[in-house]
Amino acid sequence: MRRNWFQRLLLSYLPVFLAVAAALILLSVFSAGELARKEAVRANHVFAEHVLQLVDQTMRTVDRQLIKEIQTNEKLAKFYTSRESGRTALDLYETSGKLREIIVNTPFIDSIYLVRASDRTVLSPNLMAGIEQFGDREFIREALNGNGRSRWTDARPYREFDDQGEPVTVVSLVRKLPLLGGEKGIVVVNVRMSTIASAIKEMIESDVSFVRLLDGNRRTLASSEGDEAAVLTTVTSEYTGWTVESGLQGTRSAFAGFSYTSLWSLLHVGLVAAGAVWIVLVTRRNYRPIRSILDRIDAYASQRNSAFAVGGRADQDEFRFIETALDDLVERTISYRKLHEEDLIFRKRNFFLELLEDGGAVTDERFQAEMRRFGMAERSTGLVMAVVEIDKYAGLCSRYSQRDQYLLKFALSSVIAEIAQQSGLSAWMEWTSNRELSVLLHLPPEAEDTGAAARMFENVKYWTNRHLSFTVTVGLGTLALGLDELPGSHAEALEALKYKSALGTDRIIDAASLRAKSQGGVYKHLQLLRSIAQRFRAGEAGWEAEMNRLFAELKEGVFSEDDASAVLHSLIYHLQREMTELPPEFGRLWNDDTLPELHRAMEQADTLDEWRESFAAILTASAWRMEAMRTARANHTVMVQMKERIHEQYANPNLSLTFLGSELNVNPKYLSQMFKEEFGVNFLDYVSELRIREAKRLLTETEETVQDIGARVGYPSVRSFLRVFKKATGVTPGEFRKK
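Residues numbered from 1 in each chain as written. Predicted model: local features only at pLDDT ≥ 70, side-chain atom pairs only at ≥ 80, totals over all residues. Heavy atoms only, no water.

Considerations on the pattern of salt bridges
Then comes step 1: A complete count under the given rule lists 27 salt bridges for this structure.
Then comes step 2: Across the pair Arg 549 and Glu 553 runs a salt bridge, and its minimum N-O distance is 3.2 Å. With Arg 549 and Glu 553 both in helix α17 (residues 543-556) and 4 residues apart, this pair spans about one turn of that helix.
Then comes step 3: Overlapping salt bridges, with partners in common, bring together Glu 389, Arg 435, Glu 436 and Arg 577 in one network. (Salt bridge = Lys/Arg side-chain N within 4 Å of Asp/Glu carboxyl O. Helix = DSSP H or I, 4+ residues; strand = E, 2+ residues; numbered from the N terminus.)

Brief notes about the pairing of strand β1 (residues 111-116)
Looking down a regular strand, the side chains alternate between one sheet face and the other.
Then comes step 1: The buried fraction of β1 amounts to 6 of the 6 residues, a majority that puts the element mostly inside the structure.
Then comes step 2: The alternating pattern of β1 places Ser 111, Tyr 113 and Val 115 and Ile 112, Leu 114 and Arg 116 on opposite faces, both of which are buried.
Then comes step 3: With 6 bridges joining them, β1 and strand β6 (residues 185-192) adopt antiparallel strand pairing. Bridging across to β6, Leu 114 finds its partner in Val 187.
Then comes step 4: Where β1 and strand β2 (residues 121-123) come together, 3 bridges link them in antiparallel fashion. The residue of β2 that forms the bridge with Val 115 is Val 122. (Buried < 20%, exposed > 50% of the residue type's maximum accessible area, 1.4 Å probe, protein only. Pairing = 2+ DSSP bridges.)

Focus: empty space enclosed by the protein
Think of a ball as big as a water molecule: rolled over the atoms, this probe shows where empty space is left.
Then comes step 1: Going through the model one piece at a time under the given rule, you end up with 1 cavity of 30 Å³ or more.
Then comes step 2: Counted as a void, the largest cavity has a volume near 40 Å³.
Then comes step 3: As for the largest cavity, its lining consists of Leu 54, Val 55, Thr 58, Phe 108, Ile 196 and Ala 199.
Then comes step 4: Secondary-structure elements contributing two or more residues to the lining of the largest cavity are α1 (5-72) and α5 (193-203).
Then comes step 5: Ranked by residue count, the leading element in the lining of the largest cavity is α1, at 3 residues. (1 Å grid on protein atoms, 1.4 Å probe; cavity = no way out; pocket = protein on both sides within 12 Å on 5 of 7 lines; lining within 4 Å. Points joined across faces, edges and corners; volume = space filled by probe spheres on them.)

Remarks on the packing of helix α22 (residues 657-664) against helix α23 (residues 668-679)
Then comes step 1: Following both chains from N to C, one finds α22 and α23 inclined at 100 degrees, their axes separated by 8 Å at the closest point. Between α22 and α23, the crossing angle belongs to the class labelled roughly perpendicular. Contacts between α22 and α23 involve Leu 657, Thr 658, Leu 660, Gly 661 and Leu 664 from the first element and Pro 668, Leu 671 and Ser 672 from the second.
Then comes step 2: Looking at the contact of α22 with α23 residue by residue, the classes come out as 5 nonpolar, 3 polar and no charged. (Axes fitted to C-alpha atoms, helices over the stretch in contact; angles between N-to-C directions. Parallel < 35°, antiparallel > 145°, perpendicular 65-115°, else oblique. Contact = heavy atoms within 4.5 Å. Nonpolar A, V, L, I, M, F, W, Y, C, P; charged D, E, K, R; others polar.)

Quick notes on helix α16 (residues 526-538)
Then comes step 1: Given a rise of 1.5 Å per residue, 13 residues ought to cover 18 Å, and the 18 Å separating the end C-alpha atoms of α16 matches this to within 8%.
Then comes step 2: Leu 526, Leu 528, Leu 529, Arg 530, Ser 531, Ile 532, Ala 533, Gln 534, Arg 535, Phe 536, Arg 537 and Ala 538 are the residues of α16 that are buried.
Then comes step 3: Count one or two residues on from α16 and you reach Gly 539, which has phi positive near 70 degrees. (Expected span 1.5 Å × (residues − 1).)

Side note on the nonpolar core
Then comes step 1: If you look at the biggest cluster of nonpolar residues, it comprises 38 residues, and the most contacted ones within it are Met 59, Trp 152, Ile 196, Leu 213 and Trp 242.
Then comes step 2: Residue contributions to this core peak at 8 residues, all from α1. (Core = buried A, V, L, I, M, F, W, Y, C linked by side-chain atoms within 4.5 Å.)

Observations concerning the sheet that holds strand β3 (residues 128-130)
Then comes step 1: An order of β3-β2-β1-β6-β5-β4 is seen for the 6 strands of this open sheet, with the pairing classed as antiparallel. Strands at the two margins of the open sheet, each flanked by one partner only, are β3 and β4 (156-158). Geometrically, the sheet is characterised by an average inter-axis angle of 35 degrees between neighbouring strands, direction not taken into account.

Set out below in structure tokens:
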């Protein structure tokens, strides 16, 4: 007998729908109460923090005003430093008048007096007397005996005269003079608790919530509550040690109740009934094509079973048959799409990196074919490379999660593409490091310089400043007339970014404009700072000696503290820049441990010798940890051998990845990637750095000709040597030798 699939479908969904509908109705009732309670707690917490911030800001204002007067007011200082014979009545009157002026200019101050330790004399706006004749003598004795605190006291009684009557409740702040020693005396400022209470009450005009301010001993300083109060939030100040409690006034609760009336009941029942009717109608309508499919499945199953059994067919699960077929089809489709998209993204990125490594090896025909595949502009002339670098990237990483960082980077790249399109340019970009986005721009055919690109990036910079929480600096290379000039344009853009420490962030640095400047004029110690950072990143010996040389030059040049601090901050920046080229585990070590310690050392040290000792200890410990991490990597031994071969063969003009791959028996295709992951620098850049470093030594220590030195370091062509040397140092070999 044929099974009624319509009933099966209906009974499969209708009970679930009814159960879910009933559960949702119950959950809506209970969740409303819970939501109201959480919102009340959150609102109370925000309100309490706002009140505490107001109190802290008020007390900090009084504290800062007091410190300012102690440091700058000569009349106050004269009271402590002048001898008894040197003080006149006019001096004391002027000092007392200054105290009254402080009270007038700072409304929250109720009273203020000075205590001179040498003769135990007290001066207030109203009198001058000995400590024993002053009404607040007990507090003064505690303060002079060393019990005076630099933070605000708890509530205490205060009277200036013994016959004053009822004392005033105040909180007090004691500051020693001088601030670091305190041997000359103290200054005491008192603020009435009634003044603070009035300021708090001005914020609260509600019979629903309350605020209570408590001191360190849990005594109430100010309160707006009634007879009964439910505390929801407690916040304590790190500055004063006081506590703000906030909650609901009287017997109010966080959730006044949820009225589930008959109207709601009828509405819910009506919705459930309408849903059930809708399910029946939709199931009946959608069952028609299913019935047709089932007939075909039955016919197919009958034919297949007749080949294996006699006497009828076995029961078949039609839904299982359909489900298996559809799942297989969908899975194959999704897998194909995913593989195609991943392959396209991977191929696009690899081709981009190939253009940056050696654009001359890519023919125009292949370039145009790949561009058509990617749906991009096919023209291979009038190109320019730019590198967009995120400023203060370490701070960005500390503020945002990895997911949020990806979203911000996606927003930046999308905006660049949109602004380029609006400017009539075509942009192709890839993230070549964690903080650097390399951009290939197609300029108009009539363009003779990179002005259009500079204007486009000005709009990008303006948009970033307005809408994102970080800024960017753009390094702009020179115009490339063909694919073979793209690597040079990209190298110039990267080189331009290296001047960010001297020229500042949030700007566009054009490589063409830098050519007219002397590199030493931009930043005197730039070459030495870069060399230290590059050696440290690669784990090479010698960075300690170069750092000692840097400190020696700073000391010998009698640099001011500000100038020396600027140079050392620039060193930290170059180290940070180089460390971003290493794998993520090295970056975490740097950002979590080394970088905070260097910043603390900058704040704590006072002399160049102290800075040198702190930097040496911190960087040495970090270098040891990085070396241990490198040693633990799977390819470390091969990379060490590769590095040794480079140092042995750097003067060989035929030194290449193919040459090293044959010696190390490793596929050259993977050598560059492994070398970059191990040491944070490309193979070609590392070889160039090594050759230029040796060329500098030979130019300085020998009298050999420039041509001979170029040949000794791996550049048989003197023109190639001159071009590479000038790009790396900013001057020709001859100019370098003269300097």
